[in-house]
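Chain by chain, the residues run as shown.
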Amino acid sequence: MSQVPEESAGDTGATDAGSAEVTAAGIARLAGVGRAAVSNWRRRHPDFPKPVGGTETSPSFSLAEVERWLRDQGKLAEVPLRERVWQQIAGHPAGAATALVHAGCALLLVRDRSAAWPALAALPDERLTGVLPVALEETLTERLGPERPVLTPTAAALSASVPLLRGVAELAAETGGVRPAFEFLLGRHLDANPRQYTLTPPGPASLMAALATGRTEPPAPDGTRTPLTVLDPAAGAGGLLGAVEWPGAVCGQDADHDLAALTALRLALSTDADIRVRSGDSLRADAFPALAADAVLCHPPFNERNWGHDELAYDPRWEYGFPARTESELAWVQHALARLRPGGTAVLLMPPAAASRRSGRRIRADLLRRGALRAVVALPAGAAPPYGIPLHLWVLRKPVAGERPPAELLLVDTASEHTGQGRDGQGRDGRDSRDRLDWPAVHAAVLDAWTAFDRDGTVVATPGESRAVPVIELLDDDVDLAPARHLPPPAAAEGVTQLALVRERLAATLHRTRELTPPPVTDPATAGGGAAVGGTAGRLTATAGTTTVGELARAGALTLHAGGTGTAPAGAPVAVLTDHDVLAAQPPTGTLPDGPPEEPVLLAVGDVVVPVLGGGAAVRVVGAPAEGAALGRNLQLLRPDPATLDPWFLAGFLRATANTRQASSYASTATRLDVRRLQLPRLPLAEQRRYGERFRALAEFEETLRQASRLGEQLVQGLYDGLADGTVAP
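Presented here is an overview of the structure given in this document. It should be emphasised that the depicted structure is a prediction, and the values quoted were computed from it without experimental measurement. (Residues numbered from 1 in each chain as written. Predicted model: local features only at pLDDT ≥ 70, side-chain atom pairs only at ≥ 80, totals over all residues. Heavy atoms only, no water.)

1. Examining the overall build of the chain
Reasoning step 1: Helix and strand counts for the chain come out as 26 helices and 23 strands.
Reasoning step 2: Each of the 730 residues in the chain was classed as buried or not, and the buried ones make up 49%.
Reasoning step 3: Within the chain, residue pairs in contact and separated by at least 24 positions form 72% of the contacts whose partners lie at least 6 positions apart.
Reasoning step 4: Accessible surface, the chain: about 33400 Å² in total, of which carbon and sulfur atoms supply 54%. (Helix = DSSP H or I, 4+ residues; strand = E, 2+ residues; numbered from the N terminus. Buried < 20%, exposed > 50% of the residue type's maximum accessible area, 1.4 Å probe, protein only. Contact = heavy atoms within 4.5 Å. Areas by Shrake-Rupley, 256 points an atom, 1.4 Å probe, with all protein chains shown as cover.)

What follows is the structure in structure tokens.
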């Protein structure tokens, strides 16, 4: 495995790799175990490295000492380069954000001055820190301009980052380029701080970029294409600007200085376009007051009361009305319009309440009258944070002087149509798939409707999905632009037939439920035969004795794997079994993230999967439908040796309420399960299989009950809908 180059004996004035620190969570990631295992090691092993920093509740340890201890204990063969580099970032004395900026600067130098980097890398540490600031200043100024948010690091600041800089250069060579290396490190940082950053996922980002620019195909072979200038006034981590295909110039601003710097480096490493990124509040201190962009993309902060209402009362951007204090989103809408050229397009991700709140109805009405608002698209719930509500896309166009405002507004509703759930609750594949999000179908539906509407000024209505609504119909007292209000669900011609099929399936499922209903319970003391070890778990364990999952793992009877690792392969996509899939007893619905190649933990038939968060009693034995899927986050996989352990026996006892209660931790806001503490009775394999068959039958009965419940809900709702819309006779 590739390693960070060793320091030469004569190097001075720089902090070596051994000074990097790692938290307990980082140790768990290095060793492929849960955090509870690290806590156990600290308690049970006197020679475990002592904390060198952090706090009493969140200590940090020397990375070099931890690696040495893990190797001595046989728990770590080698630290992958990407993990070593990440731990250097996470434990950097100046903070992870500063370390990422240093890493990004080094990668930009590797990218733009590839011929000079080998000579620089060969210098001793002290000499390297002395010459790097000059080289970085030239490269950063040339690529990002003099007003960039990325400040050139000084020699003193770089002294603690030399091992990191060498490591990221090697990581770029290992992962196939500077862009995937930086994307991996930035993605790990963003994932580690989910409450600090609000991200725009790739699905809605690419859809917004396509709506704003109209670009979904590469340029012609001769390269002829008008370069576009694109602005994101709330750029965040740069996800929206990064989704734009072949831009000429990208402009971004964010109130978080560190995030603006990371975004500038991210864009500089991923595109050859002109990069202009600034830090600051776009509403209070606009960095691009004279810009006339071709397109604006924005995922503004929602429900922001302190957006500048008092000091911006007479701002010239409020062309369509002064937003109320509670209407910060409408302030961002008007800011986006003010920074467009006439005829330019803006796409904003908006909360659904912005389409109907009474405090914003006058601004919405003026946007309609003057033709600035062209379309409102309802996305499925789960498209972007906050994930529990169906967000909207607003498509706006700056009016051109002398042009007549359009007479219609396009409304598109994908909130239920493309989550795999129709009126009868069934997905297109006939299975219940309420939590699936079909992004290709969402893209196709929205772009097809918008392209036709943008070209012709109207669109043929698709019941329940899209409709061009006359503006005059919307200019009532409420000016409610929510698509669901103006797009009634389609009255399916085969509604009665579909409901009849659901009823037949429900009847068959109920019949199957009766067949699978467990027989009357009996006391083992009177049943006779078998292990007759008592009528309670206590009497069973007292007779047979117990062991724990941790002891079984040490004895080789099973292996443990933590989920959440791996990236999407270049070939066929790999589905991910998420903790929600396990709790809902549904097929894998997740997807692997993009990034440098990293092998995920793949499921095999007979594996036992346990969620570690929530304290629920959910355990799943992997069957053929889930085989080959990747193991998701917050899941532990137990792979039993079939010659020693029966998987259904294992799953059944792991699910027992008393068992999960004694193995759970309640020290934090969320209940966490320590899988290694779960207990099992010591029984011979034949007796395990007898229990396993009973547990398997209970699992089948439980799944049939779930299916009956889903079908019952579908039938009841379908009958309500059919009676209401006239497709079903009373």
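2. Quick notes on the environment of Ala255
Reasoning step 1: Of note, Ala255 is situated in the loop between β5 (249-254) and α13 (257-270).
Reasoning step 2: A relative accessible area of 61% places Ala255 in the exposed class.
Reasoning step 3: It is 9.8 Å that separates the C-alpha atoms of Ala255 and Leu283, two residues lying 28 residues apart in sequence.

3. With respect to the pattern of salt bridges
Reasoning step 1: Throughout the structure, instances matching the rule amount to 39 salt bridges.
Reasoning step 2: A salt bridge links Arg71 to Glu67, with the nearest nitrogen and oxygen atoms 3.8 Å apart. Here Arg71 and its partner Glu67 are both found in helix α3 (residues 63-72), 4 residues apart, which amounts to about one turn of the helix.
Reasoning step 3: We note a salt bridge from Asp454 to Arg397, for which the minimum N-O separation is 2.6 Å. Taken together, the residues span a long stretch of sequence, with Asp454 in helix α16 (residues 439-456) and Arg397 in strand β10 (residues 392-397) at a distance of 57 residues.
Reasoning step 4: Among the charged side chains, a network of salt bridges with common partners joins Arg655, Glu702, Glu703, Arg706 and Arg710. (Salt bridge = Lys/Arg side-chain N within 4 Å of Asp/Glu carboxyl O.)

4. Let's talk about unusual backbone geometry
Reasoning step 1: A cis amide bond, omega -5°, links Pro385 with the succeeding residue Pro386.
Reasoning step 2: The backbone of Trp246 sits at a positive phi, close to 50°, despite the residue not being glycine.
Reasoning step 3: Tracing the chain through its elements places Trp246 in the loop between α12 (239-242) and β5.
Reasoning step 4: Residue classification places Trp246 among the partly exposed residues on the basis of a relative accessible area of 33%.
Reasoning step 5: Look at Val479: it is not a glycine, yet its phi comes out positive at around 50°.
Reasoning step 6: Within the secondary structure, Val479 is located in the loop between α17 (471-474) and α18 (483-486).

5. Some remarks on the sheet that holds strand β2 (residues 53-54)
Reasoning step 1: Strands sit in the order β1-β3-β2 across an open sheet of 3 strands; the sheet is antiparallel. Each edge of the open sheet is held by one strand with a lone partner, namely β1 (21-23) and β2.
Reasoning step 2: Relative to strand β3 (residues 59-62), β2 is paired through 2 bridges, and the arrangement is antiparallel. Of the residues in β3, the one forming a bridge with Gly53 is Ser60. (Pairing = 2+ DSSP bridges.)

6. A look at the side chain of His102
Reasoning step 1: Position of His102 relative to the elements: it lies in helix α5 (residues 96-112).
Reasoning step 2: Residue contacts for His102: discarding those within four places in its chain leaves His92, Pro153, Ala157, Leu158, Ser161 and Leu165.

7. So, the packing of α5 against helix α9 (residues 162-175)
Think of two packed helices as two axes; the pair is described by the angle between the axes and how far apart they sit.
Reasoning step 1: At a minimum axis distance of 9 Å, the contact between α5 and α9 shows a crossing angle of 55°. Classified by the interaxial angle, the pair formed by α5 and α9 is oblique. In this structure, α5 meets α9 at a crossing whose hand is right-handed. Contacts between α5 and α9 involve Ala99, His102, Ala103, Ala106, Leu107 and Val110 on the former and, on the latter, Leu164, Leu165, Val168, Ala169 and Ala172.
Reasoning step 2: For the contact of α5 with α9, the class distribution of residues is 10 nonpolar, 1 polar and no charged. (Axes fitted to C-alpha atoms, helices over the stretch in contact; angles between N-to-C directions. Parallel < 35°, antiparallel > 145°, perpendicular 65-115°, else oblique. Left-handed = near helix turned anticlockwise from the far one by under 90°. Nonpolar A, V, L, I, M, F, W, Y, C, P; charged D, E, K, R; others polar.)

8. A word on the packing of aromatic side chains
Reasoning step 1: Within the structure shown, the criterion is met by 10 aromatic pairs.
Reasoning step 2: Here Trp450 and Phe453 contribute two aromatic rings whose centre-to-centre distance is 6.2 Å and whose plane-to-plane angle is 35°, an arrangement assigned as tilted. Residue Trp450 and its partner Phe453 are located together in helix α16, separated by 3 residues, close to a single helical turn.
Reasoning step 3: A residue is classified by how much of its surface remains accessible, and Phe453, at 4% relative accessible area, is buried.
Reasoning step 4: Clustering of aromatic rings is evident, with ring pairs tying together Trp41, Phe48, Phe61 and Trp69.
Reasoning step 5: Sitting above the plane of the Phe184 ring, Arg82 keeps its charged end 5.2 Å from the centroid. (Phe/Tyr/Trp six-rings, centres within 6.5 Å; stacked < 30°, edge-to-face > 60°. Lys NZ or Arg CZ within 6 Å of the ring centre and 35° of its normal.)

9. As for the pairing of strand β7 (residues 293-298)
Reasoning step 1: Burial of β7 is extensive: 6 of the 6 residues sit out of reach of the surface.
Reasoning step 2: When strand β4 (residues 229-232) meets β7, the two strands line up parallel, connected through 2 bridges. Considered in β7, the bridge of Leu231 is made with Val296.
Reasoning step 3: Once you follow β7 into helix α14 (residues 328-338) and on to strand β8 (residues 340-350), the crossover reads as right-handed. (Right-handed = clockwise from strand over helix to strand, strands pointing away.)

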